[in-house]
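Here is how the chains run, residue by residue.
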Amino acid sequence: MVATLLFLGLGMQEVLFIALIVLLFFGGKKIPELMKGLGKGVRSFKDGMNGLEDEEDDKKETKKD
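Just so you know, these numbers come straight off a predicted model, no measurement behind them.

The next thing to look at is the packing of aromatic side chains. Under the definition given, this model contains one aromatic pair. Aromatic pair Phe 25 and Phe 26: ring centres 4.8 Å apart, planes at 85°, arrangement edge-to-face. Looking at Phe 25, the relative accessible area reads 64%, which means it is exposed. Judged by its relative accessible area of 38%, Phe 26 is partly exposed.

Summed over all chains, the structure comprises one salt bridge. Across the pair Glu 33 and Lys 30 runs a salt bridge whose closest N-O atoms are separated by 3.7 Å.

Basis of the calculations
- Residues numbered from 1 in each chain as written.
- Predicted model: local features only at pLDDT ≥ 70, side-chain atom pairs only at ≥ 80, totals over all residues.
- Heavy atoms only, no water.
- Phe/Tyr/Trp six-rings, centres within 6.5 Å; stacked < 30°, edge-to-face > 60°.
- Buried < 20%, exposed > 50% of the residue type's maximum accessible area, 1.4 Å probe, protein only.
- Salt bridge = Lys/Arg side-chain N within 4 Å of Asp/Glu carboxyl O.

This is the structure in structure tokens:
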């Protein structure tokens, strides 16, 4: 049975290898900080996209009036 992930067709072995390299490169203490920063970045991106959608909706409503 071959386990593949939906992201770029990576298998479980490739994902584990990448995780090992990240662990060796950054160390165990830095990984939580990196994930926290990544989460903040994703949240900021989502908020920005929602803000753009809200602005577009406002523009559409003003054009209808």
